[in-house]
Amino acid sequence: MYPLVCVNKQHLLENVRAVTALCAEKHIEVTGVTKVFGADPEIARVYVEGGVKRLGDSRIENLKQLQGVEAEKWLIRPPMLSEVEDLVAFADASLNSELVTIQAISDAALKKGTQHRIILMVDLGDIREGFIDHDELLEVAAETEKMPGVHLYGIGVNLTCFSFVQSDEEKMETLARVAAAISERIGRELEVVSGGNSATLDLMLRDGIPARVNNLRLGESLLFGKERAKYTYLPGTHRDVFTLQCEIVEVKEKPSMPWGEIGVDSYGNTPSFIDRGMRKKAICAIGKQDFDVETSTATDPGLIVLGASSDHLMVDVTDSEKDYQVGDLIEFQLGYFSTMRAFTSKYVTKQYIG
Ligand SMILES: *Cc1c(COP(=O)(O)O)cnc(C)c1O
């Protein structure tokens, strides 16, 4: 039963409605990103109920789970050549940056008697996926347009994921210009111009996105109510959609400082400790395999989270108003990476409320 992650569907629905309404005011349609929660269909349905018509995930395995959910499905990572058959079976569209892959997708789609939608990625400085040479992009767009098994659906950019380069008006203008150039080359408008992820919301709210950009791919902002440029909370959103409970298996008075010769951790770092003297400490049956200490917040403000190994979480409970005992639960509000791990771990039970 424990560890257990509880999903507040009502609060998520309110987040989705609040964020999609903000986007609609700026003529931006939302692709709801599901990778953070392993594309759990029960949660993806809340996106759809909140008005999201497109779902995006970076893994086809996840998109397979969404077959029963009524929405257009995007693979939001360039597909592997080895998975194009699955791609055309389980995704309607994908983000692409290699002509050889698009050719393979077109062949696979033709074989299956279907057509797959291609969104070409432009790299505007984050040094992750996409074309940096706009002439090359224009050529690939023209080639894609000619292939019978694919439809050139649009272009997109991703920022603030690897180099943490921020989105700005100039970059969005560049994206709009590239879209215009492709439209001119192929003689029709592109349906989708996707301006990025939750890190572009702040720019959108400041009216920094040109009219031609009409889509954002959002995960973090829908789930946690947070835009990702200044990490501010958006009005009308909740941050407690994902709550994790874990069970205490040991409570003892222990010193703050370890004794004996200290070696290095698995990453080669020497651990450091703060000497608070003798403290009351709890161990919970959860570890790095199931959640992430850095992106989790204990709901009891009196707790000091000391750290975790693969399967043990060490918490200093001395200053809490509660007298924790073996068998009691400790609760955390989960952030982005912690939620991702909780949904990847088969050891974490999922529960839904609302
Ligand atoms: C993960 C991802 C997103 C969603 O990012 P958030 O910051 O969670 O909104 C969007 N686009 C791509 C390509 C991604 O990989």
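Computed from a predicted structure; not experimentally measured.

## Focus: the site of the ligand
Here is step 1 of the chain: Around the ligand lies a shell of 15 residues, among which Lys35, Ser198, Gly219, Glu220 and Arg228 are the nearest.
Here is step 2 of the chain: Note that an oxygen atom of the ligand is positioned 2.7 Å from one of the side-chain N or O atoms of lysine 35.
Here is step 3 of the chain: Between glutamate 220 and the ligand, the recorded distance is 2.8 Å, taken from a backbone N or O atom to an oxygen atom.
Here is step 4 of the chain: Coverage of the ligand by the protein chains reaches 97% of its 390 Å² of free accessible surface.
Here is step 5 of the chain: More than half of the atoms belonging to the ligand lie within 2 Å of the grid points that define the largest pocket.
Here is step 6 of the chain: The class makeup of the residues in the shell around the ligand is 5 nonpolar, 4 polar and 6 charged.

## Points about the domain arrangement of the protein
Here is step 1 of the chain: Each domain of the protein was delimited in the assignment, giving domain 1 (9–224) and domain 2 (242–353).
Here is step 2 of the chain: Centre-to-centre separation of domain 1 and domain 2, based on C-alpha positions: 37 Å.
Here is step 3 of the chain: Of the residues lining the interface, 12 residues belong to domain 1; the matching set on domain 2 comes to 9 residues.
Here is step 4 of the chain: Both sides of the domain 1 and domain 2 interface together cover about 950 Å² of buried area, and 71% of this is carbon and sulfur.
Here is step 5 of the chain: A per-residue breakdown of the area domain 1 buries against domain 2 is headed by Lys9, Val36 and Phe224, which together make up 46% of the total.
Here is step 6 of the chain: Counting across the domain 1 and domain 2 interface gives 0 salt bridges.
Here is step 7 of the chain: Linking domain 1 with domain 2 are 2 residue pairs in polar contact (both at pLDDT 80 or more).
Here is step 8 of the chain: Considering every element that reaches the side of domain 1 that touches domain 2, the biggest residue donor is helix α9 (residues 220–224), with 3 residues.

## With respect to the pairing of strand β1 (residues 4–8)
Here is step 1 of the chain: Across the 5 residues of β1, 5 count as buried, placing the element largely inside the fold.
Here is step 2 of the chain: Burial along β1 is two-sided: Leu4, Cys6 and Asn8 and Val5 and Val7, pointing in opposite directions, are all buried.
Here is step 3 of the chain: In this sheet, strand β16 (residues 349–353) lies alongside β1 in parallel orientation, the contact comprising 5 bridges. Within β16, the position partnered with valine 7 by the bridge is tyrosine 352.

## Observations concerning the packing of aromatic side chains
Here is step 1 of the chain: Applying the stated criterion across every chain yields a total of 6 aromatic pairs.
Here is step 2 of the chain: Where tryptophan 74 meets tyrosine 153, the ring centres are 6.5 Å apart and the plane angle is 75°; that geometry is what we call edge-to-face. Of this pair, tryptophan 74 sits in strand β4 (residues 72–75) while tyrosine 153 sits in strand β7 (residues 150–157); the two residues are 79 residues apart in sequence, bridging distant segments of the chain. The pair tryptophan 74 / tyrosine 153 is uniform in exposure class, with both members buried.
Here is step 3 of the chain: An angle of 80° between the planes, with centres 5.7 Å apart, marks the rings of phenylalanine 242 and phenylalanine 343 as edge-to-face. Residue phenylalanine 242 is found in strand β10 (residues 242–255), and its partner phenylalanine 343 is found in helix α10 (residues 336–344); the two are separated by 101 residues along the sequence. The pair formed by phenylalanine 242 and phenylalanine 343 is uniform in burial state, with each residue classed as buried.
Here is step 4 of the chain: Each member of the aromatic cluster is reached from another via a ring pair, and the members are Phe224, Phe242 and Phe343.
Here is step 5 of the chain: We note arginine 239 situated over the ring of tyrosine 233; from NZ or CZ to the ring centre the distance is 3.6 Å.
Here is step 6 of the chain: Positioned above the aromatic ring of phenylalanine 343 is the side chain of lysine 350, whose terminal nitrogen or guanidinium carbon lies 5.5 Å from the ring centre.

## Description of the packing of helix α6 (residues 134–146) against helix α7 (residues 169–186)
If you want to describe how two helices pack, look at the angle between their axes and the distance between the axes.
Here is step 1 of the chain: For the pair α6 and α7, the least separation of the axes is 10 Å and the interaxial angle reads 40°. Put simply, α6 runs oblique to α7. You can see that α6 and α7 cross each other, and the crossing is right-handed. Together, His134, Leu137, Leu138, Glu139, Ala141, Ala142 and Glu145 of α6 and Thr174, Val178, Ala181, Ile182, Arg185 and Ile186 of α7 make up the contact between the two elements.

## Thoughts on α10
Here is step 1 of the chain: By the burial criterion, the buried members of α10 are Tyr336, Ser338, Thr339, Ala342 and Phe343. The buried residues of α10 all sit within an arc of 170° when viewed along its axis, so they share a single face.

## Examining the pattern of salt bridges
Here is step 1 of the chain: A complete count under the given rule lists 21 salt bridges for this structure.
Here is step 2 of the chain: Across the pair aspartate 323 and lysine 280 runs a salt bridge whose closest N-O atoms are separated by 2.6 Å. Within this pair, whereas aspartate 323 is found in the loop between β14 (313–316) and β15 (329–334), its partner lysine 280 is found in strand β11 (residues 278–284), the two being separated by 43 residues in sequence.
Here is step 3 of the chain: On the basis of relative accessible area, lysine 280 is assigned to the buried category, the value being 17%.

## So, the nonpolar core
Here is step 1 of the chain: Judged by nonpolar contacts, the single largest core of 91 residues is most densely connected at Leu120, Ile155, Ile182, Phe242 and Ile330.
Here is step 2 of the chain: Built from parts of two domains, this core gets at least three residues from each of domain 1 (9–224) and domain 2 (242–353).
Here is step 3 of the chain: Not counting residues up to four positions away in its chain, the partners in contact with leucine 120 are Asn96, Ile102, Phe131, Leu137, Val140, Ala141, Leu152, Gly154, Ile155 and Gly156.
Here is step 4 of the chain: Membership of the second largest hydrophobic core comes to 9 residues, among which are Trp74, Ala93, Ile119 and Val192.

Thresholds, definitions, all that
- Residues numbered from 1 in each chain as written.
- Predicted model: local features only at pLDDT ≥ 70, side-chain atom pairs only at ≥ 80, totals over all residues.
- Heavy atoms only, no water.
- Near = heavy atom within 4 Å.
- Polar contact = N/O pair within 3.5 Å; in protein donor to acceptor, adjacent residues only side chain to side chain.
- Areas by Shrake-Rupley, 256 points an atom, 1.4 Å probe, with all protein chains shown as cover.
- 1 Å grid on protein atoms, 1.4 Å probe; cavity = no way out; pocket = protein on both sides within 12 Å on 5 of 7 lines; lining within 4 Å.
- Sits in = over half its atoms within 2 Å of the grid points.
- Nonpolar A, V, L, I, M, F, W, Y, C, P; charged D, E, K, R; others polar.
- Domains from an automatic or database assignment.
- Contact = heavy atoms within 4.5 Å.
- Buried area = accessible area lost by both parts, 1.4 Å probe.
- Salt bridge = Lys/Arg side-chain N within 4 Å of Asp/Glu carboxyl O.
- Helix = DSSP H or I, 4+ residues; strand = E, 2+ residues; numbered from the N terminus.
- Buried < 20%, exposed > 50% of the residue type's maximum accessible area, 1.4 Å probe, protein only.
- Pairing = 2+ DSSP bridges.
- Phe/Tyr/Trp six-rings, centres within 6.5 Å; stacked < 30°, edge-to-face > 60°.
- Lys NZ or Arg CZ within 6 Å of the ring centre and 35° of its normal.
- Axes fitted to C-alpha atoms, helices over the stretch in contact; angles between N-to-C directions.
- Parallel < 35°, antiparallel > 145°, perpendicular 65-115°, else oblique.
- Left-handed = near helix turned anticlockwise from the far one by under 90°.
- Arc of directions from axis to C-beta.
- Core = buried A, V, L, I, M, F, W, Y, C linked by side-chain atoms within 4.5 Å.

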